[in-house]
Each structure stands twice: as structure tokens, then as C-alpha cells.
Amino acid sequence: MSLRILICFHSGEGQTAKVVDRMREVLEAAGCEVVVSQAGDDPSPEGFDGVIVGDSIHAGQHSRALKRWIARHGDALDASPVALFQVSLTSADSDEEHTAEAQQMVSRLLDATGLDPDLVAMFAGAIAFTRYGWLKRRMMAKIAAERTGGAEPDTSHDIEYTDWDEVEHFARDALAVFQHAG
Ligand SMILES: Cc1cc2nc3c(=O)[nH]c(=O)nc-3n(C[C@H](O)[C@H](O)[C@H](O)COP(=O)(O)O)c2cc1C
């Protein structure tokens, strides 16, 4: 039987949207019907076999749009299997300290919203220089230099840290969770 899956997300500069596209491809190839919606469009999570929720981190925070959406649909999300993913620059470093920091950001979201996901993933995002305005580009170039301890990078190209195998793996794991729950 084909599963109906909702992917509800928020993306500041487009990397989370790219991650969502890849998940959609994996799930559709597995025969699922996938509805993709931005949190700001307020999709109803009712009537799906599973819900994937995704957001990126800015200034240590998840988006207000996603937090509001989770708060609005808490009961429906409690009744559904849920897989959550977070996209951040923190997860571009896989050492213990950065992993703990990324986990803390997930925990803060769960504490603030009461969301209780069956599966959680933390993906490295991107520094999307070509999608920033001047000020953000300068700020992110400094942050990129601090990360590497080297010179500021060429800002005419984006730097992508996302591990696409991890993203595909997560989509397949989410599908297994949803199938198991059904
Ligand atoms: C203004 C700004 C602030 C950011 N702040 C953080 C941060 O505090 N912690 C972090 O891990 N990543 C931070 N990032 C990195 C983003 O999480 C990363 O670029 C991610 O890929 C953004 O995904 P999106 O394009 O879907 O919004 C920041 C990025 C920008 C542009």
C-alpha cells in the first residue's frame, strides 16, 4: 500500500528546501505520495501516514514559523508518527562538542513545542553566499574563516556541507518508521 507523507519545513536561504527535495525523490521512488508544504502555509498534518518536519538554525534558533506550526497542530502531530530533521552549520563539525551543541538545539525545540518525534536527524547545511545580501555575506565569510582558522573564502561560490547519503538514509529510515506504525 502506498503511504501518504507530509513534509512540512521552513528554510531561510534554501538549503532545507534542497534537503526536502532530495527526501521527496527518495520517498516517491519508494512509491509514496508526498505532499511538501512550507510551515508558513500552515498545512494540516491530519490524514497522513507520517509527517517529516524540517527546519534550519539561525542565531541558535529554529524558525518562528515552524515552532508556531508545531504548536498549532500539537494534537494531530501527537497522533502521527513524526520524523524531525534540523539543518545547521554546527553539524558541519562532527566532533563531540558540536554534536552536543546541535543536540541541544533539537532538545530546546522539543522542550518549547512538546513535539515527540520517533526519529531525529541533524544535517550539516550550507553557507549560501550567492543567496545572501551584502551584510549577511560579510558576516558568513567571517564565520567561515573562523571555522577553518584560515582566510575568508571566495564568496562567489556557496559552500555545501550537507551529506546527501545521510539525507537519503534518513528518508528511508523515516519510511520504515511510518510503515511500522501503520
Ligand atoms: C544569518 C545566519 C545565521 C546563522 N546562524 C547559525 C547558528 O547560530 N548556528 C548554526 O549552526 N548555523 C547557523 N547558520 C547556518 C545555517 O543553519 C545554514 O546556513 C543552513 O544551511 C541554513 O538552511 P536554510 O537555507 O534552509 O535556512 C546561520 C546562517 C545564517 C545565514
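Computed from a prediction, not measured in an experiment: that's the story for all the values here.

A word on the overall build of the chain
The secondary structure content of the chain amounts to six helices and seven strands. The N-to-C order of helical and strand elements in the chain reads β-α-β-β-α-α-β-α-β-β-α-β-α. Taken against the 2.2 N^0.38 rule, which gives 16 Å for 182 residues, the C-alpha radius of gyration of the chain at 17 Å falls within 12% of a compact globule. When the backbone C-alpha atoms are referred to their principal axes, the chain occupies close to 55 × 35 × 30 Å. Relative to its full complement of 182 residues, the chain shows a buried share of 35%. Taking the contacts inside the chain whose residues are at least 6 apart along the sequence as the reference set, 79% of them involve residues at least 24 apart.

Description of the pairing of strand 2 (residues 33-38)
Relative to strand 2, strand 1 (residues 4-9) runs parallel, the two sharing six bridges. Looking at the pairing, Cys8 lines up with Ser37 of strand 2. Taking the sense of rotation as the criterion, the β-α-β connection linking strand 1, helix 1 (residues 15-29) and strand 2 turns out right-handed.

Brief notes about the domain arrangement of the chain
When cut into domains, the chain gives domain 1 (4-125 + 162-181) and domain 2 (128-160). Distance between the C-alpha centres of domain 1 and domain 2: 25 Å. In this assembly, four residues from domain 1 lie in contact with four residues from domain 2. Residues belonging to the side of domain 1 that touches domain 2 are distributed by class as follows: no nonpolar, three polar and one charged.

Here's the deal with the sheet that holds strand 3 (residues 50-56)
Picture the strands of a sheet paired through backbone hydrogen bonds; they go either parallel or antiparallel. Overall, parallel pairing links the five strands, which are arranged 2-1-3-4-5 in an open sheet. Each edge of the sheet is formed by a strand with only one pairing partner; in this case those strands are strand 2 and strand 5 (119-124). Looking at each pair of strands side by side, their axes are set apart by 15° on average, direction ignored. Bridge count for strand 4 (residues 82-88) against strand 5 is six bridges, and the pairing is parallel. Each residue of the ladder has a partner; that of Gln86, found in strand 5, is Met122. Packed onto the sheet, helix 6 (residues 164-181) meets strand 1, strand 3, strand 4 and strand 5 and runs at close to 170° relative to strand 5.

Conventions and cut-offs
Residues numbered from 1 in each chain as written. Predicted model: local features only at pLDDT ≥ 70, side-chain atom pairs only at ≥ 80, totals over all residues. Helix = DSSP H or I, 4+ residues; strand = E, 2+ residues; numbered from the N terminus. Rg over C-alpha atoms; globule rule 2.2 N^0.38 Å. Buried ≥ 20, exposed ≤ 12 C-beta atoms within 10 Å, placed from the backbone. Contact = placed C-beta atoms within 7 Å. Pairing = 2+ DSSP bridges. Right-handed = clockwise from strand over helix to strand, strands pointing away. Domains from an automatic or database assignment. Nonpolar A, V, L, I, M, F, W, Y, C, P; charged D, E, K, R; others polar. Axes fitted to C-alpha atoms, helices over the stretch in contact; angles between N-to-C directions.

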